[in-house]
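Next come the chains, spelled out residue by residue.
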Number of protein chains: 2
Amino acid sequence: MLKEYDILCTSDVSYNAIVFKCLADYFLFVQDFAKDRYGVPQMVQSQQKLDRVLVRVQKLTPEKADQLIWVRARIHTSRAKGKQCFLVLRQQQFNVQALVAVGERASKQMVKFAANWILMGSQFIFTHSERIVHFSAPDKRIFVISQAEPRLPLQLEDCVRPEGEGDEDGRATVNQDTRLDNRVIDLRTTTSHAIFRLQSGVCQLFRDTLTNKGFVEIQTPKIISAASEGGANVFTVSYFKTSAYLAQSPQLYKQMCICADFDKVFCVGPVFRAEDSNTHRHLTEFVGLDIELAFNYHYHEVIESITDTMVQIFKGLRDKFQTEIQTVGKQYSSEPFKFLEPTLRLEYTEGVAMLREAGVDMGDEEDLSTPNEKLLGRLVKEKYDTDFYVLDKYPLAVRPFYTMPDPNDKKYSNSYDMFMRGEEILSGAQRIHDAQLLTERAIHHNIDLEKIKSYIDSFRYGAPPHGGGGIGLERVCMLYLGLHNVRQVSMFPRDPKRLTP
Amino acid sequence: MLKEYDILCTSDVSYNAIVFKCLADYFLFVQDFAKDRYGVPQMVQSQQKLDRVLVRVQKLTPEKADQLIWVRARIHTSRAKGKQCFLVLRQQQFNVQALVAVGERASKQMVKFAANWILMGSQFIFTHSERIVHFSAPDKRIFVISQAEPRLPLQLEDCVRPEGEGDEDGRATVNQDTRLDNRVIDLRTTTSHAIFRLQSGVCQLFRDTLTNKGFVEIQTPKIISAASEGGANVFTVSYFKTSAYLAQSPQLYKQMCICADFDKVFCVGPVFRAEDSNTHRHLTEFVGLDIELAFNYHYHEVIESITDTMVQIFKGLRDKFQTEIQTVGKQYSSEPFKFLEPTLRLEYTEGVAMLREAGVDMGDEEDLSTPNEKLLGRLVKEKYDTDFYVLDKYPLAVRPFYTMPDPNDKKYSNSYDMFMRGEEILSGAQRIHDAQLLTERAIHHNIDLEKIKSYIDSFRYGAPPHGGGGIGLERVCMLYLGLHNVRQVSMFPRDPKRLTP
């Protein structure tokens with residue numbers, strides 16, 4: 001049977017449904033002159049090797065109009081009209097229209113075979129033979145590669161409807177939980193493909209930029225024996241006869257690499273936070289883009305290295321991912337992301353002054369609340385026309401114990417946050433590289449020295465001055481694209497209420 | 001004080017130790033004509049920004065001999081001889097010798113200051129001023145940037161001693177647990193630096209090769225709600241009020257991306273196995289390099305894509321990491337890694353025949369034991385002169401339920417393992433892309449269908465034929481370099497008995 005059909009196709013419709021619903025057609029099938037040109041052949045089980053090239057929808061240029069080509073794609077929609085059936089063939093973000101019309105090469109039964117899918121669902125993978133009907137080629141074949149359930153839990157058209165439109169004219173939209181519950185279908189949309197291609201690009205730009213700067217990629221363990229910052233918000237793991245934890249950050253290990261003379265390191269990997277935060281920007285598992293480097297004289301060398309990396313990412317996205325940015329923009333409109341070169345760096349006291357001028361009442365050593373962060377983002381955008389900036393020299397009191405104090409003013413520290421569209425995407429600092437000072441600061445923070453012994457011991461055999469930071473990949477993607485929920489940019493998001501799929 | 005000293009240095013010796021041990025010198029210090037040229041100044045706390053360029057040891061070419069340069073490096077060893085002190089300055093894998101001799105620019109006290117470190121330990125980070133003594137430059141300064149404990153728990157020289165040498169002549173060697181317990185020092189060796197630079201290279205070559213082939217990088221969750229292969233060897237995580245698991249592989253998620261039309265995907269990330277295996281090649285957490293791709297007609301398209309990726313990695317290592325390979329070879333000698341183009345592919349039955357010919361008694365559908373894998377590796381090396389090959393068409397009975405059966409012989413399957421120097425580095429297969437066949441196979445394997453419902457459901461809405469595999473990063477590095485223990489190529493290894501550092 002396989003040799004006869006040559007090529008195989010797929011549909012959303014179960015074979016049984018066809019058998020029953022189209023019984024009349026199947027009786028006619030045996031007398032059908034086109035019966036070898038369509039059907040549901042055997043599952044692809046690697047029965048044979050074929051040299052045949054399948055053409056990508058993206059590559060279908062007018063000069064291919066007269067060539068014999070084969071395409072494998074999903075049927076995005078199909079529409080029957082008299083003796084014709086129009087199909088929209090989808091391959092990732094690219095579509096092409098195909099036509100099956102009764103004639104010399106296609107029988108009435110064959111058009112019905114194509115058209116019938118309409119009744120039962122709109123998506124299937126299939127192989128369309130020879131010429132693309134879009135090009136009015138008369139010779140066609142159509143075979144099903146993989147079947148699908150007749151009813152989809154959600155429609156792709158509804159998933160990509162521009163924000164707000166559905167509500168106005170009564171057309172369906174799909175809520176986020178339904179999308180995430182059926183992520184395997186939701187991920188097929190042009191918007192999802194654009195988002196995750198861009199995310200892949202962010203990782204690549206991050207790594208390539210740092211590799212060019214002489215950084216080494218490291219792999220750090222996720223299962224750890226002790227929670228380095230005191231034990232709050234840590235997931236516990238059963239580890240044979242004992243307990244362990246999931247790392248909240250690779251920071252200790254990055255720092256150990258610096259103490260081991262790796263000089264400049266980065267890593268990309270999962271970061272776990274057992275925080276019961278159900279917000280638009282918190283996940284219990286996210287991807288950290290982490291940097292740590294030794295510096296010579298001043299931690300601003302670290303800030304410059306990180307901001308330059310971010311600028312290279314922004315430029316790379318702007319220059320290489322314009323299609324993806326436009327695609328996402330069709331569904332979720334936003335202002336293009338703006339940034340300055342060199343990156344704007346404000347001191348914490350300047351930020352506080354701007355907020356006070358805008359009517360906010362806050363103390364010198366008070367941390368920024370989320371609303372104040374956002375307000376400051378807007379004020380900075382108005383004044384400096386940038387969506388990306390660094391807030392430097394945070395109050396020492398609001399930073400972790402390992403943060404290097406400011407050498408001149410004990411109220412402040414050599415630490416910084418970085419913001420995109422008014423939301424924090426990175427937190428970092430010069431770290432204390434001296435075991436004695438580290439011990440003093442841990443005592444000041446009432447941290448049990450026994451629990452952080454191995455951390456402090458790492459600095460006992462000579463450590464260069466160093467600093468770094470951790471970037472949340474999902475936040476970078478969300479804020480760069482002007483999206484509103486971090487779950488949109490996590491393929492399979494995890495939060496306190498979601499562990500599936 | 002800082003302005004006076006200009007630049008800051010480090011040592012392995014605690015300041016107090018110096019104060020007491022060298023009290024006599026310090027009395028002389030106040031009258032010392034060179035007193036501004038050495039010392040232990042304030043900790044680098046980003047007090048000032050300096051434009052001064054620090055020269056890398058690696059860049060110290062003869063033409064720099066007469067230039068004023070500054071270097072920051074560790075003191076690898078120091079040796080006093082009369083009025084001179086010879087220092088070996090180390091920066092990662094590069095060394096240079098420096099000399100401090102009593103003269104116009106250096107006082108007797110200053111030479112003693114440099115020489116004294118000898119007595120108390122051999123490692124410290126320091127800044128050596130102006131000319132490198134190695135170049136007989138008369139004008140010197142030396143300052144301590146970061147101090148270190150006077151006694152190191154292990155000596156770097158002992159850590160890099162070639163295998164076997166220590167035992168013969170009574171010189172110390174360091175056992176693996178001592179190294180791992182003090183990993184921050186052990187990682188400073190030239191061997192460790194070479195290993196982890198090469199590992200970073202493997203990741204980069206893997207990703208670059210796949211990106212060039214049109215693959216998209218994905219991020220998959222590590223916390224999962226159900227163990228897809230029945231629940232054995234899985235770590236349990238406390239997840240708020242419920243329990244979750246650590247992913248044993250990203251396979252389900254890779255496959256979901258294929259069902260979501262991403263076509264070709266890869267990911268690099270931690271993989272967790274709660275196996276109580278204490279062997280040279282098992283870790284409870286390792287880094288998986290995972291690939292999954294849709295194919296057209298035959299799963300050998302997948303094999304070819306993966307083997308070509310491996311060959312690109314081997315070539316990249318051979319061409320770009322020769323220094324690292326040589327460095328590791330000085331301590332652990334091994335034959336250069338050999339591979340063929342195209343990669344050798346043997347069928348399982350051929351492998352079994354070769355083993356039987358060598359006297360092994362085994363059944364047709366029996367899995368390969370570890371000794372037999374190694375033996376087969378040696379037989380293949382003898383016959384084909386390659387350290388890398390694919391064993392294809394494993395018996396269906398020894399593979400997971402989601403493996404596609406062979407279309408012609410029900411005893412076998414469309415699955416394969418890949419081997420380096422006779423050890424498995426990848427396991428993969430054509431996956432079943434049909435929900436109904438998947439259900440049948442799961443029932444055959446006595447797997448609870450309820451537990452794998454979401455996995456099976458992923459294939460209900462049309463899935464292209466696809467396959468892939470997962471590569472163990474540490475094993476690739478270990479076997480490429482001809483090392484004997486996977487812990488040598490994991491920065492911070494995790495096994496049933498080790499959770500620290």
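Residues numbered from 1 in each chain as written. Chains lettered and ligands numbered in written order. Predicted model: local features only at pLDDT ≥ 70, side-chain atom pairs only at ≥ 80, totals over all residues. Heavy atoms only, no water.

As recorded in an unreviewed UniProt entry, chain A goes by the name Aspartate--tRNA ligase, cytoplasmic, listed as coming from Salmo trutta. Recorded in UniProt for chain A, the comment headed Subcellular location (unreviewed entry) runs: "Cytoplasm". (UniProt positions renumbered as here; feature names shortened; annotations may be inferred.)

Turning our eyes to something else, we now look at the packing of helix H13 (residues 348-357) of chain A against helix H14 (residues 370-384) of chain A. All names here are of chain A. Closest axis-to-axis distance for the H13/H14 pair is 10 Å, and the angle between their directions is 90°. Considering their axes alone, H13 and H14 lie roughly perpendicular with respect to each other. When H13 is examined against H14, the residues Gly 351, Met 354 and Leu 355 are found in contact with a partner set consisting of Asn 372, Leu 375, Leu 376, Leu 379, Val 380, Lys 383 and Tyr 384. Classifying every residue of the contact of H13 with H14 gives seven nonpolar, two polar and one charged. (Axes fitted to C-alpha atoms, helices over the stretch in contact; angles between N-to-C directions. Helix = DSSP H or I, 4+ residues; strand = E, 2+ residues; numbered from the N terminus. Parallel < 35°, antiparallel > 145°, perpendicular 65-115°, else oblique. Contact = heavy atoms within 4.5 Å. Nonpolar A, V, L, I, M, F, W, Y, C, P; charged D, E, K, R; others polar.)

On the side of chain A, 110 residues touch chain B, which itself brings 110 residues to the contact. Of the roughly 9300 Å² buried between chain B and chain A, counting both surfaces, carbon and sulfur atoms make up 60%. Remark: the boundary between chain B and chain A carries ten salt bridges. In this structure, Glu149(B) and Arg460(A) form a salt bridge, with 3.8 Å as the shortest nitrogen-oxygen distance. (Buried area = accessible area lost by both parts, 1.4 Å probe. Salt bridge = Lys/Arg side-chain N within 4 Å of Asp/Glu carboxyl O.)

Here we come to the relation of the copies chain B and chain A. Mapping chain B onto chain A leaves a residual RMSD of 0.0 Å; the transformation is a rotation of 180° accompanied by 0.0 Å of translation along its axis. Taken together, the turn and the small shift mark the pair as related by a two-fold rotation axis. Looking at the rotation axis and the C-alpha trace of chain B, the residue lying nearest is Val237(B), at 2.2 Å. An overlap of 100% is found between the interface residues of chain B and their copies at the interface of chain A, pointing to a shared contact surface. (Least-squares fit on C-alpha atoms with pLDDT ≥ 70 in both.)

A few words on the sheet that holds strand S16 (residues 423-431) of chain B. All names here are of chain B. The eight strands lie next to each other as S7-S11-S12-S17-S16-S15-S14-S13, forming an open sheet whose pairing is mixed. Sheet topology places strand S7 (216-217) and strand S13 (344-347) at the edges, where each strand pairs with a single neighbour. Relative to strand S17 (residues 466-472), strand S12 (residues 285-294) runs antiparallel, the two sharing seven bridges. Looking at S17, one finds that Ile 291 is bridged to Gly 469. On the sheet, helix H10 (residues 251-259) packs against strand S11 (264-272), S12, S16 and S17 and is oriented at approximately 25° with respect to S12. (Pairing = 2+ DSSP bridges.)

It is worth spelling out the sheet that holds strand S17 (residues 466-472) of chain A at this point. As a general point, the strands of a sheet are linked pairwise by backbone hydrogen bonds and lie either parallel or antiparallel. Residues and elements named next belong to chain A. Strand order across the open sheet formed by eight strands is S7-S11-S12-S17-S16-S15-S14-S13, with mixed pairing between neighbours. Either end of the sheet is taken by a strand with one partner, and the two such strands are strand S7 (216-217) and strand S13 (344-347). Of the strands in this sheet, S13 and strand S14 (388-392) touch H13, which is tilted by about 80° from S13.

This brings us to the packing of aromatic side chains. Under the defined criterion, the tally for this structure stands at 34 aromatic pairs over all chains. Between Phe314(B) and Tyr480(B), the aromatic rings sit 6.1 Å apart at their centres with planes inclined by 15°, giving stacked as the arrangement. Placement of Phe314(B) in helix H11 (residues 300-320) and of Tyr480(B) in helix H17 (residues 473-480) is noted, with a sequence separation of 166 residues between them. Its relative accessible area of 0% is what places Phe314(B) among the buried residues. Residue classification places Tyr480(B) among the buried residues on the basis of a relative accessible area of 8%. Measuring from centroid to centroid gives 5.3 Å for Tyr389(B) and Phe419(B), while their planes differ by 20°, and the two rings are stacked. A residue pair is termed long-range when its members are at least 10 positions apart, and Tyr389(B) in strand S14 (residues 388-392) and Phe419(B) in strand S15 (residues 415-420) qualify at 30 residues. Judged by its relative accessible area of 2%, Tyr389(B) falls in the buried class. A network of ring pairs unites the aromatic residues Phe314(A), Phe337(A), Phe339(A), Phe388(A) and Tyr480(A) as a single cluster. Geometry around Tyr297(B) places Arg72(A) over its ring, the cationic atom sitting 5.8 Å from the centre. (Phe/Tyr/Trp six-rings, centres within 6.5 Å; stacked < 30°, edge-to-face > 60°. Buried < 20%, exposed > 50% of the residue type's maximum accessible area, 1.4 Å probe, protein only. Lys NZ or Arg CZ within 6 Å of the ring centre and 35° of its normal.)

Residue and element names in this part refer to chain B. Checked against the element boundaries, Asn 278 lands in the loop between S11 and S12. Along the sequence, Asn 278 and Arg 460 sit 182 residues apart, while their C-alpha atoms lie 40 Å from each other. Sequence-distant contacts of Asn 278, that is, excluding residues within four places in its chain, are made with Pro 496 and Lys 497. At a separation of 3.5 Å, a polar atom in the side chain of Asn 278 contacts the side chain of Asp 276. (Polar contact = N/O pair within 3.5 Å; in protein donor to acceptor, adjacent residues only side chain to side chain.)

What follows is about the pairing of strand S4 (residues 94-101) of chain A. All names here are of chain A. Pairing of strand S3 (residues 84-91) with S4 involves eight bridges; the strand directions are antiparallel. In the strand pairing of S4, Arg 90 is matched with Asn 95. Once S3 ends, the chain turns through two residues before running back antiparallel as S4, passing Gln 92 with a positive phi of about 50°.

A full pass over the atoms with the stated rule returns 62 salt bridges over all chains. Asp181(A) serves as the salt-bridge partner of Arg498(A), at 3.1 Å between the closest nitrogen and oxygen. In this pair, Arg498(A) is assigned in the segment after helix H17 (473-480) and Asp181(A) in helix H7 (residues 176-181), connecting sequence segments 317 residues apart. Assessed through its relative accessible area of 7%, Arg498(A) is described here as buried. Glu373(B) serves as the salt-bridge partner of Arg281(B), at 3.7 Å between the closest nitrogen and oxygen. Here Arg281(B), found in the loop between S11 and S12, pairs with Glu373(B), found in helix H14 (residues 370-384); they are 92 residues apart in sequence, far enough to count as distant. Each member of the pair, Arg281(B) together with Glu373(B), is buried. The structure contains a network of salt bridges with shared partners spanning Glu149(A), Lys453(B), Asp457(B) and Arg460(B).

Met420(A) and Ile425(A) are the most contacted members of the largest nonpolar core, which totals 96 residues. Sorting elements by how many residues they give to this core places helix H9 (residues 190-212) of chain A first, with nine residues. Counting 94 residues, the second largest nonpolar core, distinct from the first, contains Val216(A), Ile447(A), Val311(B) and Tyr416(B). (Core = buried A, V, L, I, M, F, W, Y, C linked by side-chain atoms within 4.5 Å.)

Let us now look at the confidence of the model for chain A. Residues and elements named next belong to chain A. Averaged over chain A, the pLDDT score is 85; the fraction of residues at 70 or greater is 87%. Scored below 50 in pLDDT, residues 1-28 makes 91 contacts in the model with residues more than four places away or belonging to other chains. Ignoring residues within four places in sequence, the model shows residues 117-138, a span with pLDDT below 50, making 119 contacts including any to other chains. The ipTM for the predicted assembly is 0.90, set against a pTM of 0.90. (pLDDT = per-residue confidence, 0-100.)

Mapped onto the elements, Arg72(B) comes out in strand S2 (residues 71-81). Although Arg72(B) is buried, it forms no salt bridge, and the closest oppositely charged side chain is Glu301(A) at an N-O distance of 7.1 Å. Polar contacts involving the side chain of Arg72(B) include one to the main-chain carbonyl oxygen of Phe295(A), which spans 3.1 Å. At a separation of 2.8 Å, a polar atom in the side chain of Arg72(B) contacts the main-chain carbonyl oxygen of Asn296(A). (Lys, Arg positive; Asp, Glu negative; His and termini not counted.)

Let us now look at the pairing of strand S10 (residues 242-246) of chain B. Residues and elements named next belong to chain B. Inspection of the sheet shows strand S8 (residues 223-224) paired to S10 by two bridges, in the antiparallel sense. Within S10, the residue paired with Ile 224 across the bridge is Tyr 245. Pairing geometry for strand S9 (residues 236-239) and S10, over four bridges, is antiparallel. Bridge pairing links Tyr 239 to Thr 242 in S10. The antiparallel hairpin formed by S9 and S10 contains two residues in its connecting segment, where Phe 240 sits at a positive phi of about 50°.

The next point concerns the side chain of Glu474(B). Residues and elements named next belong to chain B. Looking at where Glu 474 falls in the secondary structure, it is placed in helix H17. Salt bridges are absent for the buried Glu 474, whose nearest opposite-charge side chain, Arg 475, sits at 7.7 Å. For Glu 474, the residues in contact, after removing those within four places along its chain, are Gln 199, Leu 283, Phe 286, Val 287, Val 486, Val 489 and Ser 490.

This part covers unusual backbone geometry. The omega angle of the peptide bond from Thr500(A) to Pro501(A) is -5°, so this bond is cis rather than trans. Within the fold, Pro501(A) resides in the segment after H17.

Our next topic: H10(B). Because the α-helix completes a turn every 3.6 residues, residues three or four places apart line up on one side. With respect to burial, H10(B) is a largely interior element, nine of its nine residues being buried. With its phi angle positive at about 75°, Asp261(B) sits one or two positions after the end of H10(B).

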